[in-house]
Amino acid sequence: MRQPVPPALDAAEVEALFDAIPEVLFFIKDREGRYTHVNATMLRRLGLRSRRDIIGRRASDVYPGGLAANYGLQDQQVLAGAVIDHLLEQHLFSDQEPGWCLTSKRPLRVGGEVVGLVGISRDLAGREGLEADYRSLHAALVHMNQHYAGHVRVADLRAITGFSESKLERTFQKVFQLTPLQLLTRIRIQAAMHRLQGPDPIAVIAQACGFSDQSAFTRRFTALVGMTPGAYRRLHAG
């Protein structure tokens, strides 16, 4: 039996399909990291009226510095052939408040050559069946984002949510696949990634982001980002 010939995909049709999924942000970028296609969710989160306002621009043109730098480094990795799957990260929402998403990016190839990338980012708050659980954690997430530089205690999160320790752990695991303290570490690392774009010494950044010392910060940063803070800073500078 003859094998079916896969139809050619029209990127604009895929873009229109993702317009119908409001909890998912969708985009395609070219080899230079410029947006070629985005869905309505991305326009709404950025407060833009038309696709003309973003097509041809880069993440650095439309996102704040810290987020833009993270997205730009991800793009470099994917354009080099890497695949990013279900990366937990913060995004900026239409109310300008940060929210948590699971991001996936893959290289686009034509004739074996990488010509761009395609990505989606799914809003955790909009995941079917998890909306109520996410909302129940919202105040705790706000507290963690505001106080990550200090000593955030599980007891504080219990008091904010009204949960027992076991329910708090279960709910965080259900929504984020992480414990509260693991998520706190991610928040601290993302804050550090932003600060590493500036001139502050790494030891100062470690302390400002809630780590006990530079050694502990370097271990956690390397485990989550895949390179040392110094290497990340050099990559961003380059």
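Notes on the structure in this doc start here. (Residues numbered from 1 in each chain as written. Predicted model: local features only at pLDDT ≥ 70, side-chain atom pairs only at ≥ 80, totals over all residues. Heavy atoms only, no water.)

Along the chain, the position of Lys105 falls in strand E4 (residues 98–110). Here Lys105 falls in the buried class, since its relative accessible area comes to 3%. Contacts of Lys105, omitting those with residues within four sequence positions, involve Phe27, Tyr71, Gln74, Asp75, Val78, Val83, Ile84, Val118 and Gly119. (Helix = DSSP H or I, 4+ residues; strand = E, 2+ residues; numbered from the N terminus. Buried < 20%, exposed > 50% of the residue type's maximum accessible area, 1.4 Å probe, protein only. Contact = heavy atoms within 4.5 Å.)

Moving on, we get to the nonpolar core. With 37 residues, the main nonpolar core has Trp100, Leu141, Met144, Phe176, Leu183 and Phe217 as its most contacted residues. Broken down by secondary-structure element, the contributors of at least two residues to this core are E4, helix H5 (131–147), helix H6 (154–161), helix H7 (165–176), helix H8 (180–195), helix H9 (202–208) and helix H10 (214–225). The element best represented in this core is H8, accounting for 7 residues. Among all residues touching Leu183, those that are not within four sequence positions of it are Leu88, Trp100, Leu141, Met144, Phe172, Phe176 and Leu178. Core analysis: the second largest hydrophobic core is formed by 19 residues, Leu25, Leu46, Ile54 and Leu117 among them. (Core = buried A, V, L, I, M, F, W, Y, C linked by side-chain atoms within 4.5 Å.)

Moving on: the pattern of salt bridges. All told, the structure shown has 8 salt bridges when counted by the stated rule. Where Lys29 meets Asp75, a salt bridge forms, and the shortest distance between an N and an O atom there is 2.6 Å. With Lys29 in strand E1 (residues 24–30) and Asp75 in helix H4 (residues 65–79), this residue pair connects regions lying 46 residues apart in the sequence. A relative accessible area of 3% places Lys29 in the buried class. We note a salt bridge from Asp156 to Arg153, for which the minimum N-O separation is 2.9 Å. Through salt bridges with shared partners, a single ionic network connects Glu15, Asp19 and Arg51. (Salt bridge = Lys/Arg side-chain N within 4 Å of Asp/Glu carboxyl O.)

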